[in-house]
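# Observations on the three-dimensional arrangement
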Amino acid sequence: MGSMTQKIKIVYYLYEVKDEPLGNYAKAVESKLGRFVRLVNPDEYTLMTNFKSILGTSKEVYVIEIRNDINRWFYLTKGVNGLEKPKAAYEYEIGKEEAFEAVFREIAEGSAHGKLGVDKFSAMLQLLLWGGFLFLSYLGYKNDELEWINSFLPLVLLLSGLIEGFRRGYKKRKK
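Everything in this summary refers to the structure shown in the same document. (Residues numbered from 1 in each chain as written. Predicted model: local features only at pLDDT ≥ 70, side-chain atom pairs only at ≥ 80, totals over all residues. Heavy atoms only, no water.)

### A short note on helix 3 (residues 99–108)
- Burial of helix 3 is extensive: seven of the 10 residues sit out of reach of the surface.
- Residues of helix 3 that are buried include every one of Ala99, Phe100, Val103, Phe104, Glu106, Ile107 and Ala108, and no others.
- After helix 3 finishes, the residue Gly110 shows a positive phi value of roughly 85°. (Buried < 20%, exposed > 50% of the residue type's maximum accessible area, 1.4 Å probe, protein only. Helix = DSSP H or I, 4+ residues; strand = E, 2+ residues; numbered from the N terminus.)

### Quick look at the pairing of strand 4 (residues 72–77)
- Burial of strand 4 is extensive: six of the six residues sit out of reach of the surface.
- Judged from the five bridges that link them, strand 2 (residues 36–40) and strand 4 form a sheet pairing that is antiparallel. By the bridge assignment for strand 4, Arg38 is matched with Tyr75.
- Relative to strand 4, strand 3 (residues 60–67) runs antiparallel, the two sharing six bridges. Paired with Glu65 across the strands is Phe74, a residue of strand 4.
- The loop that links strand 3 with its antiparallel partner strand 4 comprises four residues. (Pairing = 2+ DSSP bridges.)

### Some thoughts on the environment of Tyr45
- Looking at the secondary structure, you find Tyr45 in helix 2 (residues 44–55).
- Sequence-wise, Tyr45 and Ala108 are 63 residues apart; in three dimensions their C-alpha atoms are separated by 8.9 Å.

### Description of unusual backbone geometry
- The phi torsion at Asn41 lies on the positive side, around 50°, for a residue other than glycine.
- Mapped onto the secondary structure, Asn41 falls in the loop between strand 2 and helix 2.
- Using a relative accessible area of 42% as the deciding quantity, one classes Asn41 as partly exposed.

### Examining helix 2
- If you check helix 2, its first and last C-alpha atoms are 16 Å apart, about what 12 residues at 1.5 Å a residue would give, namely 16 Å.
- Turning to helix 2, its buried residues are Leu47, Met48, Phe51, Ile54 and Leu55. In an axial view of helix 2, the angular spread of the buried residues amounts to 130°, which keeps them on one side of the axis. Along helix 2, the residues that are exposed and aim more than 90 degrees away from the buried face are Tyr45 and Ser53.
- Once helix 2 ends, the next one or two residues include Gly56, with phi positive near 50°. (Expected span 1.5 Å × (residues − 1). Arc of directions from axis to C-beta.)

Written out as structure tokens, the structure is:
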């Protein structure tokens, strides 16, 4: 386990079907996919296992979820052509082996289209940390009495590294 040599991208699309049977909508989606794996109401382990089997040499895989009030159908494929705009779309960039489990747990539990809280919070914290340090460094440059502030650069670097270490091993962004 640990760090991977290349990052893998998972593109997740969510479609909610309200006014027609799920099977009819699924046929329309299937006609726009190449080769795919369809899973009905899978758990995270089933999703992850099938994902790894379809991944092969590709570094990008699409996870398409079609749901209604009763069922959830998932399609795993390497490419999509001409799909309509989904209700939600996210792109996961995975850099650690351990992150696969977290990503597929999030997708299987249905919380993938939730808030982007952890990433935004850590990015804002780092931005505030670096912005504050640069501002204080400027004041130290202009004022000899505040010159000692520049000695805190190693501490700022350490804190920034710790914050980055708390990240989940993947980046998530709206697509």
